[in-house]
Amino acid sequence: MTRRPGTRDPKRTGAEVVIVGGGVTGLSAGFWLAREGVDVLVLEAGMVGDEASGRNGGGCSHHHSPLFAEEQRLWPLMDDLLGYPTEFRSERIRLAFSEAQMALYARAKINAEHQGFSTEILDTKEARKLVPLADENTVGGYFYHFGGHANPHRTLAGYAFAMEDHGGQLRQNTRVTGIRIQGGQVTGVETDAGFFGCDHLVIAAGPQTAHLAAMIGCDVPLAAARAEMIVTEALPLMPYGGVDGNGLYGRQTLRGNLAYGGGPHEWVETVPDRAPGKPSSPLMGGIANRLATLLPKAAHARIIRSWAGIMENTPDGRPVIDHAPGVDNVVVATLSSVGFGLSPASGRAIRDLVIERRCTFADISTFRLNRFADLEPDWRERLGWLPLR
Amino acid sequence: MLGEDGPAPGSPVDLKSVAGKPPVTSESFDLLVIGAGKAGLRAAIEAAEAGLKTVLVDENPIPYATMGEDVPRHFGQAMTGAARNRNAMMEAFVASEPLFEAAFEAGVDIRLGTACWGLYAKGAALRHLPGLVAGLSDETSASLVAPRHVIVATGRRDMGLGFPGWQLPGVMGASAARLLAEHYDGALTSGRIVILGSDTEALLTALALAKRGVKTAAVIDQAERPVASPDLIVGAEQAGIPILCRSVIREAIGSERVEGVLVGELDADGVPTGAELQIDCDGIVLAIGSVPMIDLLQAAGAACRFDPARGGHVPLVDFRGRTSLPSVYAIGDCAGIWPEKSRDATIAEQEACDAVDAILGRASERNDRPEPHAEYDLSAYRKAWLRASVIHARAEFPLCQCEDVSARDLLQLRPPRYLEWEGQMPEAHSLAALLAAGPPDPDQLKRMTRAGMGPCQGRRCREQIAALLALEADADLATVPLASYRAPVRPLPLALAASLGEVPLQGEHWDSWFGMHAQWRPFWEVKGQFTLATNDTSGEVASE
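Computed from a predicted model, the values in this text were never measured in an experiment.

Colleague: If you had to explain the overall build of chain B to someone new, which residues and values would you point to?
Modeller: Scanning chain B for helices and strands turns up 18 helices and 22 strands. Computed over C-alpha atoms, the radius of gyration of chain B comes to 25 Å, within 12% of the 24 Å expected from 2.2 N^0.38 for 544 residues, which places it in the range of a compact globule. Its C-alpha atoms give chain B principal-axis dimensions of roughly 85 × 65 × 45 Å. The 544 residues of chain B split such that 61% are buried. Taking as baseline every contact in chain B between residues at least 6 positions apart, the subset at least 24 positions apart corresponds to 67%. Summing over all exposed atoms, chain B offers an accessible surface of approximately 20,200 Å²; the carbon and sulfur share of this is 49%. One way to put it: in chain B the 49 positive side-chain charges average out to a point 1 Å from where the 71 negative ones average out.

Colleague: An account of the interface of chain B and chain A is requested, with residue identities and associated values reported.
Modeller: Between chain B and chain A, the residue contacts involve 88 residues of the former and 101 residues of the latter. Where chain B touches chain A, the interface holds 6 salt bridges. Among the salt bridges present, the one from Arg290 of chain A reaches Glu502 of chain B, with a minimum N-O distance of 2.6 Å. Joining chain B to chain A, the criterion identifies 48 residue pairs in polar contact (both at pLDDT 80 or more). When residues of the side of chain B that touches chain A are traced back to their parent elements, those giving at least two are β4 (115-121), α14 (442-449), β22 (492-493), α16 (494-497), α17 (504-508) and α18 (517-520) of chain B. Counting residues per element, the side of chain B that touches chain A draws most heavily on α14 of chain B, at 5 residues. Of the residues that constitute the side of chain B that touches chain A, the class distribution is 53 nonpolar, 16 polar and 19 charged. Sheet topology note: the strand β15 (residues 302-313) of chain A/β22 of chain B ladder contains 2 bridges and is antiparallel. From the neighbouring strand, Ile303 of chain A faces β22 of chain B, where its bridge partner is Leu492 of chain B.

Colleague: Report on the nonpolar core, specifying residues and quantitative values.
Modeller: Core analysis: the largest hydrophobic core is formed by 64 residues, its most contacted members being Ile151, Tyr184 and Leu188 of chain B. If sequence neighbours within four positions are ignored, Ile151 of chain B has contacts with Leu31, Leu32, Val33, Ile34, Ala43, Tyr329, Ile331, Ala355, Val356 and Ile359 of chain B. Of all hydrophobic cores here, the second largest spans 63 residues; its members include Phe161 of chain A together with Val263, Val405 and Ala451 of chain B.

Colleague: Quick rundown of the sheet that holds strand β15 (residues 283-286) of chain B? Include the residues and the values.
Modeller: Residue and element names in this part refer to chain B. Overall, parallel pairing links the 5 strands, which are arranged β8-β15-β9-β10-β11 in an open sheet. Looking at the sheet topology across the chains shown, the edges are occupied by β8 (171-173) and β11 (243-244). Bridge count between strand β9 (residues 192-196) and β15: 4 bridges; the pairing is parallel. Among the inter-strand pairings, Ile195 is bridged to a residue of β15, identified as Val285. Against the sheet, helix α5 (residues 174-183) touches β8 and β15, its axis set at about 85° to β8.

Colleague: Which residues make up the domain arrangement of chain A, and what values do they have?
Modeller: All names here are of chain A. Taken as a whole, chain A is organised into domain 1 (15-56 + 153-221 + 316-370) and domain 2 (90-145 + 223-313). Averaged C-alpha coordinates put domain 1 and domain 2 at centres separated by 29 Å. Opposite the 16 residues of domain 1 that make contact, domain 2 presents 18 residues. Counting each side, the surface lost to burial between domain 1 and domain 2 is near 1,400 Å², with a carbon and sulfur contribution of 48%.

Colleague: Give a description of the sheet that holds strand β14 (residues 272-280) of chain B that names residues and reports values.
Modeller: Residues and elements named next belong to chain B. The antiparallel open sheet is built from 3 strands, whose spatial order is β12-β13-β14. Each of the sheet's edge strands pairs with one partner strand only, and the pair in question is β12 (247-253) and β14. On average, each strand axis in the sheet is inclined to that of its neighbour by 25°, with strand direction left out of account. As defined by bridge partners, strand β13 (residues 260-266) adjoins β14 across 6 bridges and the pair is classed as antiparallel. Of the residues in β14, the one forming a bridge with Val263 is Leu277. This element, helix α11 (residues 378-391), spans β12 and β13 of the sheet and lies at about 45° to β12.

Colleague: How would you sum up helix α7 (residues 230-238) of chain B? Please name residues and give values.
Modeller: Residue and element names in this part refer to chain B. Taken together, the buried positions of α7 are Leu232, Ile233, Gly235 and Ala236. End-on, the buried residues of α7 take up no more than an arc of 160°, which puts them together on one face. Those residues of α7 that are exposed and aimed more than 90 degrees away from the buried face are Pro230, Glu237 and Gln238. Buried residues along α7 sit in contact with α6 (200-211), β11 and α9 (339-343). Where α7 ends, the next residue or the one after it, Gly240, has phi of about 75°, a positive value.

Colleague: Go over the pairing of β12 of chain B, please, and point to the residues and values.
Modeller: Residues and elements named next belong to chain B. Extensive coverage of β12 is indicated by the burial of 5 of its 7 residues. Looking at chain direction, β12 and β13 are connected through 6 bridges and run antiparallel. Among the inter-strand pairings, Val248 is bridged to a residue of β13, identified as Gly264. As consecutive antiparallel partners, β12 and β13 are separated by 6 residues, and within that stretch Gly254 has a phi angle of approximately 145°, a positive value.

Colleague: Could you give an account of the pattern of salt bridges, with specific residues and numbers?
Modeller: The final tally for this structure, using the stated rule, is 57 salt bridges over all chains. The residue Asp109 of chain B makes a salt bridge to Arg111 of chain B at a minimum N-O spacing of 2.8 Å. The class of Asp109 of chain B is partly exposed, set by a relative accessible area of 32%. The partner of Arg394 of chain B in a salt bridge is Glu251 of chain B, with the nearest N and O atoms 3.1 Å apart. Within this pair, whereas Arg394 of chain B is found in the loop between α11 and β20 (398-400), its partner Glu251 of chain B is found in strand β12, the two being separated by 143 residues in sequence. Overlapping salt bridges bring together Glu36, Arg351, Asp352 and Glu356 of chain A as one network.

Colleague: Just give me the short version of the packing of aromatic side chains, but keep the residues and values in it.
Modeller: For the structure shown, the criterion picks out 22 aromatic pairs over all chains. Their ring planes at 85° and their centres at 5.4 Å tell us that Tyr249 of chain A and Trp513 of chain B sit as a pair that is edge-to-face. Placement of Tyr249 of chain A in strand β12 (residues 249-252) and of Trp513 of chain B in the loop between α17 and α18 is noted, with the two residues assigned to different chains. Considered together, Tyr249 of chain A and Trp513 of chain B belong to a single accessibility category, that of buried residues. Within the aromatic cluster, the residues linked to one another by ring pairs are Tyr249, Trp267, Trp379 and Trp385 of chain A together with Trp513 and Phe514 of chain B. The ring centre of Phe195 of chain A lies 3.7 Å from the NZ or CZ of Arg180 of chain A, which sits over that ring. Its end group placed over the ring of Tyr485 of chain B, Arg462 of chain B keeps NZ or CZ at 3.6 Å from the ring centre.

Colleague: Can you lay out the packing of helix α7 (residues 152-165) of chain A against α14 of chain B for me, pointing to particular residues and giving the numbers?
Modeller: Between α7 of chain A and α14 of chain B, whose axes approach to 8 Å, the crossing angle comes to 100°. With respect to their mutual orientation, α7 of chain A and α14 of chain B come out roughly perpendicular. The segment α7 of chain A lies against α14 of chain B, with His153, Arg154 and Phe161 of chain A engaging Arg447, Met448 and Thr449 of chain B. Each residue belonging to the contact of α7 of chain A with α14 of chain B can be placed in one class, and the counts come to 2 nonpolar, 2 polar and 2 charged.

Colleague: Could you give an account of the confidence of the model for chain B, naming the residues involved and the relevant values?
Modeller: Note that predicted coordinates carrying low pLDDT should not be read in detail. Residue and element names in this part refer to chain B. Averaged over every residue, the pLDDT of chain B is 96; residues scoring 70 or more account for 98%. Low confidence marks residues 1-5, where pLDDT is under 50. Its contacts with residues over four positions away, or in another chain, come to 13 contacts. Complex prediction metrics read pTM 0.96 and ipTM 0.96.

Colleague: Residue-level account of the confidence of the model for chain A, with values.
Modeller: For chain A, per-residue confidence averages 95 on the pLDDT scale, and residues scoring 70 or more make up 97% of the total. Across residues 1-8 of chain A, confidence stays below pLDDT 50; counting only partners more than four residues off in sequence or on other chains, it has 21 contacts.

Colleague: Which residues make up unusual backbone geometry, and what are the values?
Modeller: The omega torsion across Val71 of chain B and Pro72 of chain B is -5°, close enough to zero to call that bond cis. Mapped onto the elements, Pro72 of chain B comes out in the loop between α2 (64-68) and α3 (86-95). A positive phi angle, close to 55°, is found at Asn173 of chain A, a residue other than glycine.

Reading guide: rules and limits
- Residues numbered from 1 in each chain as written.
- Chains lettered and ligands numbered in written order.
- Predicted model: local features only at pLDDT ≥ 70, side-chain atom pairs only at ≥ 80, totals over all residues.
- Heavy atoms only, no water.
- Helix = DSSP H or I, 4+ residues; strand = E, 2+ residues; numbered from the N terminus.
- Rg over C-alpha atoms; globule rule 2.2 N^0.38 Å.
- Buried < 20%, exposed > 50% of the residue type's maximum accessible area, 1.4 Å probe, protein only.
- Contact = heavy atoms within 4.5 Å.
- Areas by Shrake-Rupley, 256 points an atom, 1.4 Å probe, with all protein chains shown as cover.
- Lys, Arg positive; Asp, Glu negative; His and termini not counted.
- Charge placed at Lys NZ, Arg CZ, Asp CG, Glu CD.
- Salt bridge = Lys/Arg side-chain N within 4 Å of Asp/Glu carboxyl O.
- Polar contact = N/O pair within 3.5 Å; in protein donor to acceptor, adjacent residues only side chain to side chain.
- Nonpolar A, V, L, I, M, F, W, Y, C, P; charged D, E, K, R; others polar.
- Pairing = 2+ DSSP bridges.
- Core = buried A, V, L, I, M, F, W, Y, C linked by side-chain atoms within 4.5 Å.
- Axes fitted to C-alpha atoms, helices over the stretch in contact; angles between N-to-C directions.
- Domains from an automatic or database assignment.
- Buried area = accessible area lost by both parts, 1.4 Å probe.
- Arc of directions from axis to C-beta.
- Phe/Tyr/Trp six-rings, centres within 6.5 Å; stacked < 30°, edge-to-face > 60°.
- Lys NZ or Arg CZ within 6 Å of the ring centre and 35° of its normal.
- Parallel < 35°, antiparallel > 145°, perpendicular 65-115°, else oblique.
- pLDDT = per-residue confidence, 0-100.

Take a look at the structure:
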């Protein structure tokens, strides 16, 4: 694709690059593209970040991913790059309450060391000292000198505002209903607000990605699930907010609230024409129980909200960031339920695929779609990833 | 191992999913009635007399500390020390309502000081629930119960209204003031009040408080003339209560608590002229909007709509009080507030009887009660109050007190203050720009500014923010969707929620995320093709 900064015809409906999906992945891609003058339009069926992008723990520590190095490089720069605060704070502490947890949580240390990042092992006393709300009930923990956490809502707004500041456009409440193809190329998308032409299409629509990709004959194996979080009233700030473990993910926000999630998910069916319902459940109690063990000195804190989000998973739980087969100018992206923290890097990878046709900064061959070419067709049944009767 | 709702026998189960993990309930019974006002009590009596095992919960008397946080109503620190005495308040609350005696006699299991913080209905995305589940708590315990039917009779609260000094103790909602005066044995600190708003609810408040010895120094309204029913306006005049129209509160005066109000005159466009007068008082009562308390129902997923004749957002109900959730009913003020109903308790009690008839399958004819009609243009009225008091305020103040968000912060979509961000928000990202690009959405505003996300759960600011959005969008209030409520609709300590318990299967397979081996395999160990047959799932895994 040729770059034509500033050549957008104001009368034209559409953009050089249309991105379907106003979550962190789509908006980050939009930001990276707009930043270098590409005419980009993000279409969001509902409200920005209303699905998994706005309903997650804000963690930025994905040491298993080929995008890890770039995730770590970019997060400390994001506030300046975007011009808006993301609430990013570096480093993470993970506390263990059994030898089994201690052993399992070692994997982050091993993976990060493999990539040049260090971790301190904490004993009970050291853990207690670093985490004022913790107590003597840990068997120990890890102090990861990498990763960290940011605020999903602040970050979503930052991507959207920065993209618009660079000339990109965002349309919310605009649902894609069809994709037009001509001569092996996508020429634009049909929506409930009319047709939007494009030279290049990015589908990054979370749980809706499979429905949209199917419109161009592209099979993305995905199943959607509902998962829950709770948040407490604000408490005095701990020196490091990124404290989790004991089967929970989450953090203390800079406002002081404890925002944590974990526990069983519910597989749900998604339909193309509307957002799925996402009620929370009494699972709140199970999360509270583990949080009161993780941070006993916060046991008096009161839960003021619980909420659920819908996220999609591929059969191996790993992202797809790839060109759609059969059409020249479409990139399909799903981060498979682990997308927030990676979003600075995943958006840049999508920008690379659109502009350079390949990722220039990481080997993302494990994100290819054709890894599922031999996947058993009844994979959802076999995994038990179906809604309950 | 799996209940009847699990996948078909023999088919694979995702052990990390909710399959086979229903919540643990401690009791089941025929009917849970939430709220022991006239409607709730009447429903419980009728049901118990018909032989239904009926539990009636009411959060009153509310713990003093909870009141101090303006949950669930805007108490504004206007409760006396007497409200700390739980036993005395319990007695006073029971004594304040004659129907309690009949309820005890009918065998209703009455639990006071017990809040219902969550209601959950089995549905498309909560398939593992056994049916209806309700979360209850008192000061020392929490539990989940499984009622066959639920009647919600949670009553009302008051629309908040900001002005400089509205954070001062002594600024309270009308229903909170009446609760303290009438049901908490007069545990109201204020003896001389100024009331904002002049509708029927406002003047009923003035007259009811007068009976308890509380003098209303003035009723203030931005409107050209009082909006209450004419006989009440005459009644107020006869009781010596001055009604000042085309006026707005400019400021609450006082250092530690309210000592007076500064009242400003408005011109024909609703703009303060600068002419002001001071009125001494020790309480300011917000009575500009009586709001059905629908938090529990909306959080449970009951369909709601904006109905100006019923006081704002109300659950969709049929003539028997059936909501969109099976076996869940709404009666009394939470199903709609209108002047005739506020003045005639038999209307709410009839709603209670109709709902119980529906539960019992009793044949009853569709009643022909007249549909309520709005006393005034609720959208225009609330917007006008917001314009006069908030938009034309002489100083900045937090509209959302919990999260310290001012009207200016909302108009600029400024990131929250705790970030101490010093950047400038461009005009292009203002609320006006957002509203030019799409419909108003209070949930979006919440996420961008945090307004409404504090411990009072938006009860003091949500109607104001809706009115602000309607003003900025130049639209009717009816076009502004309801900001979502979330369980727990009453703050619930972690330690109490932790005691709810879980089935062993949930503990055995608990993981922070999906617990998938392949998801967390480091990329340098990932093989080319993925199939379930070749996927290694041996050994323990913890999601990162």
